[in-house]
Amino acid sequence: MKISDTFFSMSRFALLCKKDLMENWKKNLFRLIVMYGALTIIFLWYGYFNYKSFDCIVDQPLAAVFSNLEDSQCSFEMVALVWTLFLMGTISASFLMEPMKTKTSRIAELTLPATPFERFIVRWLVFTVGFLLVYFLLFRLADWTRVAVFSIAYPKADAIRSLPMFDYLVGSQTGHWTLVPGALQLWLLILLYLFVQSLFVLGSALWPKNAFLKTFAVGFILFVVYALIVTGEVMWLTDRHTSLPNFWTLTTSWGAIGVLSVLTIFCWTLAYFRFKESEVINRW
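Read on for an overview of the structure. (Residues numbered from 1 in each chain as written. Predicted model: local features only at pLDDT ≥ 70, side-chain atom pairs only at ≥ 80, totals over all residues. Heavy atoms only, no water.)

1. Some remarks on the packing of aromatic side chains
Item 1. Going through the model one piece at a time under the given rule, you end up with 16 aromatic pairs.
Item 2. An angle of 70° between the planes, with centres 5.7 Å apart, marks the rings of Trp-45 and Phe-49 as edge-to-face. Placement of both Trp-45 and Phe-49 in helix H3 (residues 25-51) is noted, with a separation of four residues, approximately one turn of the helix.
Item 3. Residue class for Trp-45 comes out exposed when judged on its relative accessible area of 53%.
Item 4. When its relative accessible area of 47% is taken as the criterion, Phe-49 is described as partly exposed.
Item 5. Pairing Phe-120 with Phe-275 gives two aromatic rings, centres 6.3 Å apart and planes at 40°, and the pair type is tilted. (Phe/Tyr/Trp six-rings, centres within 6.5 Å; stacked < 30°, edge-to-face > 60°. Helix = DSSP H or I, 4+ residues; strand = E, 2+ residues; numbered from the N terminus. Buried < 20%, exposed > 50% of the residue type's maximum accessible area, 1.4 Å probe, protein only.)

Next up, the structure:
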């Protein structure tokens, strides 16, 4: 058999994807319902308090007020997009090595007639790439639910509309609040998300049981230590009346993009090799 066939076979990979989706569809469907419900509740909760002022102004020609309230709703949803994406994305990544939690499921996973790379990449695609596609679909469905509910509750409020995501995503000259001022900051935000999620992918490979809590605890400790070191350095420079340089420049931004890209790929690669080691460590 050729080494390429040993390492990766497209037909075998397709069968493995089909098997994983068919066996876990109930569990995944439940998680999707929970995600949709959480996003919908968040949007409806904020919308309830945001649109309450319609009760006293809906009969008045105050289109500007309607527009401001809707702008507030859209801004909130964009902020919620970032926070819920990071939270749900890390939780999803923590499920990547879920079959390794118990001895029975671990043996079943490791004895599948497929290579470690194929088994790992199937799980990685489902809980990283697949999660992103599903998340944005559910985010849009939750937003449409908010529009439908409040359009019925306030039929005269013509300003209620679905979130124009791209209008509130990038741009410093749009005339309203945007999530990031430019494309470079957007790339930094995307890579920061991928890096944080890759940490939880690695955490799932290291600690299949309670992966999210253990990875979060370790990450929090490391972040606190790093913050204390940076704070101490800044205080030391301040005490010596040393002016602090402007660290965040265009070069620094591109450097951060490069570092985050390398660290993300490193965490994914390390998680794969850790999973590959389990062929010997946890097979029996």
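Now that the structure is up, let's keep going.
2. A look at helix H2 (residues 10-23)
Item 1. When the terminal C-alpha atoms of H2 are compared, their 20 Å separation across 14 residues agrees well with the 20 Å that a helix rising 1.5 Å per residue should span.
Item 2. Residues of H2 that are buried include every one of Phe-13, Leu-16 and Asp-20, and no others. Buried residues of H2 fall within an arc of 60° about the axis and therefore sit on the same side. Away from the buried face of H2 by more than 90 degrees, exposed residues Ser-11, Leu-15, Lys-18 and Met-22 are located.
Item 3. On the buried face of H2, the contacting elements are helix H7 (116-153). (Expected span 1.5 Å × (residues − 1). Arc of directions from axis to C-beta. Contact = heavy atoms within 4.5 Å.)

3. Describing the side chain of Glu-118
Item 1. Structurally, Glu-118 can be placed in helix H7.
Item 2. At 2.7 Å, the side chain of Glu-118 and the backbone nitrogen of Ser-9 are in polar contact. (Polar contact = N/O pair within 3.5 Å; in protein donor to acceptor, adjacent residues only side chain to side chain.)

4. Focus on the pattern of salt bridges
Oppositely charged side chains are able to pair whenever their charged atoms sit close together.
Item 1. Going through the model one piece at a time under the given rule, you end up with eight salt bridges.
Item 2. One salt bridge connects Asp-20 with Arg-123, and the closest N-O pair in it is separated by 3.1 Å. Taken as a pair, Asp-20 in helix H2 and Arg-123 in helix H7 lie far apart in primary sequence, 103 residues in all. Accessibility classification places Asp-20 together with Arg-123 in one group, the buried group. (Salt bridge = Lys/Arg side-chain N within 4 Å of Asp/Glu carboxyl O.)

5. Regarding the packing of H7 against helix H8 (residues 183-206)
Item 1. As a packed pair, H7 and H8 sit with axes 11 Å apart at the nearest point and diverge in direction by 140°. Comparing their axes, H8 and H7 come out oblique. Facing H7, whose interface residues are Phe-127, Thr-128, Phe-131 and Leu-132, H8 presents Tyr-193, Gln-197 and Val-201.
Item 2. Tallied by class, the residues present in the contact of H7 with H8 amount to five nonpolar, two polar and no charged. (Axes fitted to C-alpha atoms, helices over the stretch in contact; angles between N-to-C directions. Parallel < 35°, antiparallel > 145°, perpendicular 65-115°, else oblique. Nonpolar A, V, L, I, M, F, W, Y, C, P; charged D, E, K, R; others polar.)

6. Considering the side chain of Glu-98
Item 1. Mapping Glu-98 onto the fold places it in the loop between helix H5 (63-94) and helix H6 (103-110).
Item 2. Since its relative accessible area comes to 18%, Glu-98 is described here as buried.
Item 3. In this structure the side chain of Glu-98 is engaged in a polar contact, spanning 2.9 Å, whose partner is the side chain of Arg-31.
Item 4. The residues touching Glu-98, leaving out its near neighbours within four places in the chain, are Lys-27, Arg-31 and Arg-123.

7. Re unusual backbone geometry
Item 1. For Asn-210, which is not a glycine, the phi torsion comes out positive at approximately 55°.
Item 2. Along the chain, Asn-210 falls in the loop between H8 and helix H9 (211-239).

8. Some words on the nonpolar core
A general trend in soluble globular proteins is that nonpolar side chains are found buried together.
Item 1. In terms of nonpolar packing, the biggest core is built from 29 residues, with Leu-96, Met-97, Phe-120, Trp-124, Val-201, Ala-271 and Phe-275 touching the most fellow members.
Item 2. Those elements that place two or more of their residues in this core are H2, H7, H8 and helix H10 (250-281).
Item 3. Setting aside residues no more than four positions away along its own chain, Phe-120 makes contact with Leu-96, Met-97, Trp-268, Ala-271, Tyr-272 and Phe-275.
Item 4. Of all hydrophobic cores here, the second largest spans 23 residues; its members include Phe-43, Leu-81, Leu-179 and Tyr-193. (Core = buried A, V, L, I, M, F, W, Y, C linked by side-chain atoms within 4.5 Å.)

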